[in-house]
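So you can see what is in the structure, the chains are spelled out below.
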Amino acid sequence: MKQNQRNHTQVSYQATSAGLKEKFERHYRQYDRKNIAPDPLQFPHRYSNPPDIELVAFLASVYAFGNVKQISSVMEKILELLGSSPANFLKFSPEQKIVTLFASVKHRFYRGEDTVRLLLVLRNALLGYGSVGLLINSLIPAGKRPGPKMIIGLFHDWFIIECKKHGHLSRGLKFMIPDPKVGSACKRFNLFLRWMVRKDELDFGLWDFISPADLVIPVDTHIAQIARMLGLSSRKNPDWKMSVEITARLREFDPSDPVKYDFSLCHIGIRGLEF
């Protein structure tokens, strides 16, 4: 893996599937907990209590858009206010304290009011279910094998209903949890699912009610560009169909854990590396 001095991704590799898998595996082996940054995954790794990990991972995924400096800045501010036990802080703090503390926390087009309402919804979820994971598991219909599209859709519908209890749905709140039913790639929620379901040096593997084999790769414009260059997708737009198409190709390399390559694939672009 070689650093590109011009700091943009170089992908000029044409190979057989076997050769491509070897490259993916080599990039995958480059990363462990010591070299996560710069990545939003660094934030939940500061905690050891599962409800804290889930909560912070969810927040990190919701705020994971914009440049690295912006994401880091807003997450540092949120975590400073939440303190050493974010889940307990949120559960046991009065609503007015949350309003007062977080009203100034903004991120791009997320207003302070959006941050406050998100945290109030999460507070109610923790009080009612104990953790984000237990809430999501409760939404899955009995006897159904849950996949990302089902889970994100169910959570989206729950989240919208809860947000409406606190007032008008702003642009920021709508953006926080996209709806896969309208074709969104749902990149940030798929990222959250990867962190919670997979288990290795990077991802936590806290949830056993979803199989890693069923995960879908988080896709944004950067992943879409790299995937097209590598022949993993022929689609133009980074939508849900592209996510599924890329995942299907990655499943050829590891059927039980196709999304294992997401972190390394993403960081080819972030770190300006040659593939």
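For the structure, check the block above.
### Focus: the overall build of the protein chain
Broken down by element type, the protein chain carries 13 helices and 0 strands. Starting at the N terminus, the α and β elements of the protein chain follow one another as α-α-α-α-α-α-α-α-α-α-α-α-α. For the protein chain, the C-alpha radius of gyration of 19 Å lies close to 19 Å, the compact-globule estimate for 275 residues. Its C-alpha atoms give the protein chain principal-axis dimensions of about 60 × 45 × 35 Å. A sequence separation of at least 24 residues applies to 69% of the contacts in the protein chain between residues at least 6 apart. Here the protein chain has roughly 12,400 Å² of accessible surface; of this, 51% comes from carbon and sulfur atoms.

### Quick look at helix 6 (residues 112-129)
With 18 residues, helix 6 should cover 26 Å at 1.5 Å per step; its first-to-last C-alpha distance of 26 Å lies within 8% of that length. Helix 6 sits mainly inside the fold: 13 of its 18 residues count as buried. Just past helix 6, the residue Gly130 takes up positive phi, approximately 100°.

### Considering empty space enclosed by the protein
Counted by the stated rule, this structure contains 1 cavity of 30 Å³ or more. Here the largest cavity defines a volume of roughly 40 Å³. Phe58, Ser61, Val62, Met176, Ile177, Pro178, Arg188 and Phe189 together form the lining of the largest cavity. Going through the elements one at a time, helix 2 (50-62) and helix 10 (187-197) are the ones with two or more residues in the lining of the largest cavity. Of the residues forming the lining of the largest cavity, the biggest block, 3 residues, is contributed by helix 2.

### Points about the layout of surface pockets
Considering only enclosed or pocket space, the largest pocket measures out at about 780 Å³ in volume. Lining the largest pocket are 35 residues; nearest its centre among them are Ala64, Phe65, Lys187, Asp220 and His222. For the lining of the largest pocket, the secondary structure elements donating two or more residues are helix 3 (68-82), helix 10, helix 11 (221-229) and helix 13 (262-270). Per-element tally for the lining of the largest pocket: the top contributor is helix 13, with 6 residues.

### Things to note about the packing of helix 2 against helix 6
Two elements in contact, helix 2 and helix 6, have axes separated by 12 Å at closest approach and are oriented at 155°. With respect to helix 6, the element helix 2 is oriented roughly antiparallel. Relative to helix 6, helix 2 is oriented so that their crossing is right-handed. Where helix 2 abuts helix 6, its residues Leu55, Phe58, Leu59 and Val62 lie against Leu118, Leu119, Leu122 and Leu126. Residue composition of the contact of helix 2 with helix 6, by class: 8 nonpolar, no polar and no charged.

### Side note on the pattern of salt bridges
Scanning all chains against the criterion turns up 19 salt bridges. Where Asp203 meets Arg194, a salt bridge forms, and the shortest distance between an N and an O atom there is 2.9 Å. We classify Asp203 as buried; its relative accessible area is 1%. Relative accessible area serves as the criterion here: at 2%, Arg194 is assigned to the buried category. Between Arg235 and Asp239 there is a salt bridge, with its nearest N and O atoms 3.2 Å apart. Given the relative accessible area of 18%, Asp239 is considered buried. Where salt bridges share partners, they join Arg194, Arg198, Asp200, Asp203, Asp257 and Asp262 into one cluster.

### Brief notes about helix 10
The buried fraction of helix 10 amounts to 10 of the 11 residues, a majority that puts the element mostly inside the structure. Every buried residue belonging to helix 10 is among Arg188, Phe189, Asn190, Leu191, Phe192, Leu193, Arg194, Trp195, Met196 and Val197, and all of these are buried.

### Description of the side chain of Ser233
By the element assignment, Ser233 lies in the loop between helix 11 and helix 12 (240-251). Assessed through its relative accessible area of 7%, Ser233 is described here as buried. Among the polar contacts made by the side chain of Ser233, one reaches the main-chain amide nitrogen of Arg235 at a distance of 3.1 Å. A polar contact of 2.4 Å, which involves the side chain of Ser233, links it to the side chain of Glu245. Apart from the residues lying within four places of it in its own chain, the contact partners of Ser233 are Ala227, Arg228, Met242, Glu245 and Ile246.

Rules of the game
Residues numbered from 1 in each chain as written. Predicted model: local features only at pLDDT ≥ 70, side-chain atom pairs only at ≥ 80, totals over all residues. Heavy atoms only, no water. Helix = DSSP H or I, 4+ residues; strand = E, 2+ residues; numbered from the N terminus. Rg over C-alpha atoms; globule rule 2.2 N^0.38 Å. Contact = heavy atoms within 4.5 Å. Areas by Shrake-Rupley, 256 points an atom, 1.4 Å probe, with all protein chains shown as cover. Expected span 1.5 Å × (residues − 1). Buried < 20%, exposed > 50% of the residue type's maximum accessible area, 1.4 Å probe, protein only. 1 Å grid on protein atoms, 1.4 Å probe; cavity = no way out; pocket = protein on both sides within 12 Å on 5 of 7 lines; lining within 4 Å. Points joined across faces, edges and corners; volume = space filled by probe spheres on them. Axes fitted to C-alpha atoms, helices over the stretch in contact; angles between N-to-C directions. Parallel < 35°, antiparallel > 145°, perpendicular 65-115°, else oblique. Left-handed = near helix turned anticlockwise from the far one by under 90°. Nonpolar A, V, L, I, M, F, W, Y, C, P; charged D, E, K, R; others polar. Salt bridge = Lys/Arg side-chain N within 4 Å of Asp/Glu carboxyl O. Polar contact = N/O pair within 3.5 Å; in protein donor to acceptor, adjacent residues only side chain to side chain.

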